[in-house]
Amino acid sequence: DLNTANKKVQNYVLDYLKECIDAGADGFRFDAVKHIEVPEDSGFGSDFWPTVIDGAKDYAKSSRKIDLYCYGELLDAVGGGMGPEVYTKYMSVTDNGWSANLLDNVVCNGNASSYSAGFGKGKADQMVVWAESHDTYADGSSKDVSETDINKAWALIAARTDAMGLYLARPANFSQLLGAASNTGWAYPEVAAVNKFHNAFAGQSEYVANENGIVSIERGDAGVVLVNCKGTSGEVSVTANKIKDGTYTDQITGGSFTVSGGKITGAIGDTGIAVVYEADACAHSEHDADGFCTACFAQLGHSYDENNTCACGSRKVAERTIYFANTGKWTTVNFYSWYDAVAIFTDTWPGNT
């Protein structure tokens, strides 16, 4: 075992993280963090974490001008009579208890009322949560859960603000190479739709509620994700708490939802998920000179006149230059791009040379 209280060991670890940062790493996951002491540990505390993580964050800021993201695998309780705050002062941590309840009770058992808007180990922006992890898949506790239910759980994660969500790309077996996913539930349309919703409403407030087996997560006043925890398709009518009156589109099925008289009404499709908002209307107010939203980075919700100018002051640009580092020393480069909203393509796959 490493003597993590020893300054020489701490500096070895910090130097390694600096090398990774220089190579392009933007963050780190620390396995089993509660097995490395904190300053508060009675009789054997050390400054390992403040030395290593604070040092790495300072280095990333000064060398690459980035905010380094760090999180630790903190399963269950810390021990020693301490709470998770002894770790969250340095990094985000995993909230496996909240994650297990989400999948087991909320989705698999249809108990929507057990869906917790708050997290068990701290503030939302300190939490890392999942529908399933490599551990729950490997030990069998989530392996036999359908991709439909995994994706419903994911919708209840990705629709939220602040907390970091992880989606496990399921392997066929654990002898595969890292990243060799065999099951492609992560690529299903409902996952893509809720991920786009997450980006479109970045920085917007949330309102979480449950009613008649339906969990609703409203963001700002212009969008909501609905998850049917008791089944899949069906007509729903739930309370509208923040979303303003109007007609909205389910980005999964293309169907309409109406908000009127304090109710959200419409039909959830066979995924059990509805992602309800207008994707061509950006939910944020600030855009750069080229018309790109500074929150979600989408060029959405603008109407341009003959001078390529929008009423908001942004201007549409006709061309963009894309740069990349040819680290693979390719002799031939195929470039292929598209913009979903208007289906503009540079060429058919594999693109232009």
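Residues numbered from 1 in each chain as written. Predicted model: local features only at pLDDT ≥ 70, side-chain atom pairs only at ≥ 80, totals over all residues. Heavy atoms only, no water.

1. Re the pairing of strand β1 (residues 27-30)
Side chains Phe28 and Phe30 of β1 all project onto a buried face; the interleaved residues Gly27 and Arg29 project onto a face where none is buried. Pairing analysis gives 4 bridges linking β1 to strand β2 (residues 69-72), with the strands arranged parallel. Across the sheet, residue Phe30 finds its bridge partner in β2, namely Gly72. In this region the chain leaves β1, passes through helix α2 (residues 48-64) and returns to the parallel neighbour β2; the handedness of that crossover is right-handed. (Buried < 20%, exposed > 50% of the residue type's maximum accessible area, 1.4 Å probe, protein only. Helix = DSSP H or I, 4+ residues; strand = E, 2+ residues; numbered from the N terminus. Pairing = 2+ DSSP bridges. Right-handed = clockwise from strand over helix to strand, strands pointing away.)

2. Looking at the pairing of strand β7 (residues 214-219)
Counting buried residues along β7, 6 of its 6 residues qualify, which places the element largely inside the surrounding structure. Going residue by residue along β7, you find Ile214, Ser216 and Glu218 tucked away on one face and Val215, Ile217 and Arg219 tucked away on the opposite face as well. In terms of strand pairing, strand β6 (residues 206-211) meets β7 through 6 bridges, oriented antiparallel. Across the sheet, Val208 pairs through a bridge with Ile217, a residue of β7. Alignment of β7 against strand β8 (residues 223-228), held across 6 bridges, turns out to be antiparallel. In the strand pairing of β8, Val215 is matched with Val227.

3. Topic: the environment of Arg64
Assignment of secondary structure puts Arg64 in helix α2. On the basis of relative accessible area, Arg64 is assigned to the partly exposed category, the value being 28%. Separated by 42 residues in the primary sequence, Arg64 and Asp22 have C-alpha atoms spaced 8.1 Å apart. Looking at Arg64, its side chain comes within polar contact range of the side chain of Asp26, at 2.7 Å. (Polar contact = N/O pair within 3.5 Å; in protein donor to acceptor, adjacent residues only side chain to side chain.)

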